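Tertiary structure, described
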Amino acid sequence: MTDRTGRAGEPIVELDIDPFSTQVLSDPASIYPAMFSAGSVFKLTAYGVYGVARHHAVTEVLRDWENFSSARGVGLSDYARDPAWHPPSPLLERDPPEHTRTRKITNRVLSIASLKSIRPDWALAADALIQALVAKGDFDGVTELAEIFPQRVFADALGLREAGRQNLVPYATASFNAMGPKNEIFESTEPVRLSHAPWVMESCQRENVAPGSWGAALFEASDRGECSEAEAGGLMRSLLTAGFDTTINGIANTLDILADRPDVWKALRADRKLVPRAFEEALRLASPVQLFFRTTPRDVAIDGCVIPADSKVLLFFGAANRDPKRWEDPDSFDLHRQTSGHLAFGYGVHHCGGQMTARQEVELILNALLDRAASLQRTGPTVRRLNNTLHAIASLPLAVRPA
């Protein structure tokens, strides 16, 4: 660890840590203390990028889209210098005013009214899935629950054809891996992404989208001139990429936490108003999206530390959500904690547009499980699925006792 002085400000600490190493991806929290000690801004020598992990600093960056741009890619690659590894998202990788235009479309499609109208069908699907799993007794919380439910309800809502939905999870997983460096994890999944990409691209074309679906609504927006048809397809790809793996791991991480806390399970069964609070605290403690990048179009200072123009800045959402300056006893799960301000869904103009969708999915799954299961416990160790962006789980052996 060494100090470097910014051109007009406070010293910037250099950290010789690799946030994309196998060790760190297995346990992201292991590097949080070093980053907190480094201050508001530090530099990661392994990649020549700057980093922010303190809650106030990450929030400041997310709020300031003009000085911390998404348009040059939210991964390690800088689209001003490097070829884009995929068609840039018309939602995630644009800044206002273009982002404002496309975001208005998806906000309407994923509105509260839309979610309310579809909620009864989703509730029936959740109960049917949970009823079968509780009857079985032992199941995998990832492969038999967390991966299954979004592929049923969210994919239906988007209007995706049923044949080939097995492409969704590996495609989304590999896409999040591609946002990091070209390490072994990237190399192992990039062929997977390329093999599944044709199905995704084809499924997001107008003629393959179910009438009356959210996807159809995107193309109807293009008919009104609100976006191009290509942008409508791009928006649909953005929704399905961001809406699957993040929600899957939101469900899985929550179950992983609850399986070790029978007292919390009992409390949730007694008072269902605590269910949303439990999910928000799980999001804070085990944020599915651990990090994203921004790029500085000009010199920018944070707390006196100057980040030069054309620099990649790595935002550590997971660390910010465990910042001891923001949260008391941040590494513990507290069902009664006030979680307002956690950054698991981002912040500012690029905050997660599908967060209400994810909340509805998780709420319905948890309530169905609480209705039918008197207890939840693990029957084996949690197996992590290493990912350059996500805090993911590959397998979560669980057992339930029927209520």
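Everything numeric in this text was worked out from a predicted model, so none of it was measured.

The next subject is the overall build of the protein. Within the protein one finds 15 helices and 13 strands. Projecting the C-alpha coordinates of the protein onto the three principal axes gives extents of approximately 65 × 50 × 35 Å. Split into buried and exposed, the 403 residues of the protein put 59% on the buried side. Excluding contacts between residues fewer than 6 apart, the proportion of contacts in the protein whose partners are at least 24 apart in sequence is 71%.

Turning our attention to the sheet that holds strand β10 (residues 373-378). The strand order β5-β13-β10 describes an open sheet built from three strands, whose pairing is antiparallel. Among the strands making up the open sheet, the edge pair consists of β5 (138-140) and β10. The sheet shows a mean angle of 30° between the axes of neighbouring strands, taken without regard to direction. In the sheet, β10 pairs with strand β13 (residues 397-402) via five bridges, with the strands oriented antiparallel. Looking at the pairing, Ser375 lines up with Arg401 of β13.

Another aspect to go through is the packing of aromatic side chains. Taken as a whole and assessed by the stated rule, the structure comprises eight aromatic pairs. With a centroid separation of 5.5 Å and 85° between ring planes, the pair formed by Phe20 and Tyr47 is classed as edge-to-face. A residue pair is termed long-range when its members are at least 10 positions apart, and Phe20 in the loop between β2 (11-15) and α1 (22-26) and Tyr47 in the loop between β3 (42-44) and β4 (49-52) qualify at 27 residues. Note on Tyr47: relative accessible area 25%, which makes it partly exposed. On the basis of an interplanar angle of 40° and a centroid distance of 6.1 Å, the ring pair of Phe42 and Phe316 is categorised as tilted.

What follows concerns the layout of surface pockets. For the second largest pocket, the calculated volume is near 290 Å³. Lining the second largest pocket are 18 residues; nearest its centre among them are Leu285, Ala286, Arg322, Arg384 and His391. Split into classes, the residues belonging to the lining of the second largest pocket amount to six nonpolar, five polar and seven charged.

Now for the pairing of β13. Walk down a regular strand and you will see the side chains alternate between the two sheet faces. In the sheet, β5 pairs with β13 via three bridges, with the strands oriented antiparallel. Bridging from a neighbouring strand, Asp138 pairs with Ala399 of β13.

The biggest cluster of nonpolar side chains holds 80 residues, and the ones touching the most others in it are Trp214, Leu240, Leu255 and Leu268. In terms of residue count, helix α11 (residues 229-258) provides more of this core than any other element does, 12 residues in total. Here Leu255 is in contact with Gly141, Leu145, Leu366, Leu369, Leu376, Leu396 and Leu398, once residues within four sequence places are set aside. Counting 25 residues, the second-largest nonpolar core is a separate cluster that includes Tyr50, Val52, Met179 and Val313.

The subject of this paragraph is unusual backbone geometry. That bond from Pro96 to Pro97 is cis: its omega, 5°, falls within 30 degrees of zero. In this fold, Pro97 is placed in the loop between α3 (55-63) and α4 (98-109). Notably, Asp310 is not glycine yet its phi reads approximately 65°, a positive angle. Its location among the elements puts Asp310 in the loop between β8 (305-307) and β9 (312-316). Residue classification places Asp310 among the partly exposed residues on the basis of a relative accessible area of 40%.

All right, on to helix α5 (residues 112-136) then. Taking 1.5 Å as the rise per residue, α5 with 25 residues should run 36 Å; its terminal C-alpha atoms sit 34 Å apart, in good agreement. Of all the bends in α5, the greatest reaches close to 45° and is centred on Arg119; the proline Pro120 follows between one and four positions later. Within α5, burial applies to Ser114, Leu115, Ile118, Trp122, Ala125, Ala126, Leu129, Ile130, Leu133 and Val134. Just beyond α5, the residue with positive phi is Gly137, at close to 95°.

A separate point is the pattern of salt bridges. Using the criterion set out here, one finds 28 salt bridges in the structure. Here Glu363 ties to Arg119 by a salt bridge, and the two come within 3.0 Å at their closest N and O atoms. Placement of the pair is Glu363 in helix α15 (residues 355-372) and Arg119 in helix α5, with a sequence separation of 244 residues. Classification of Glu363 by relative accessible area gives partly exposed; the value is 26%. Arg119 gets classed as partly exposed once you look at its relative accessible area, which sits at 29%. Note that Asp256 and Arg384 form a salt bridge whose closest N and O atoms lie 3.8 Å from each other.

Procedures and definitions
- Residues numbered from 1 in each chain as written.
- Predicted model: local features only at pLDDT ≥ 70, side-chain atom pairs only at ≥ 80, totals over all residues.
- Heavy atoms only, no water.
- Helix = DSSP H or I, 4+ residues; strand = E, 2+ residues; numbered from the N terminus.
- Buried < 20%, exposed > 50% of the residue type's maximum accessible area, 1.4 Å probe, protein only.
- Contact = heavy atoms within 4.5 Å.
- Pairing = 2+ DSSP bridges.
- Axes fitted to C-alpha atoms, helices over the stretch in contact; angles between N-to-C directions.
- Phe/Tyr/Trp six-rings, centres within 6.5 Å; stacked < 30°, edge-to-face > 60°.
- 1 Å grid on protein atoms, 1.4 Å probe; cavity = no way out; pocket = protein on both sides within 12 Å on 5 of 7 lines; lining within 4 Å.
- Points joined across faces, edges and corners; volume = space filled by probe spheres on them.
- Nonpolar A, V, L, I, M, F, W, Y, C, P; charged D, E, K, R; others polar.
- Core = buried A, V, L, I, M, F, W, Y, C linked by side-chain atoms within 4.5 Å.
- Expected span 1.5 Å × (residues − 1).
- Bend = angle between axes of the 7 residues up to and from the residue.
- Salt bridge = Lys/Arg side-chain N within 4 Å of Asp/Glu carboxyl O.

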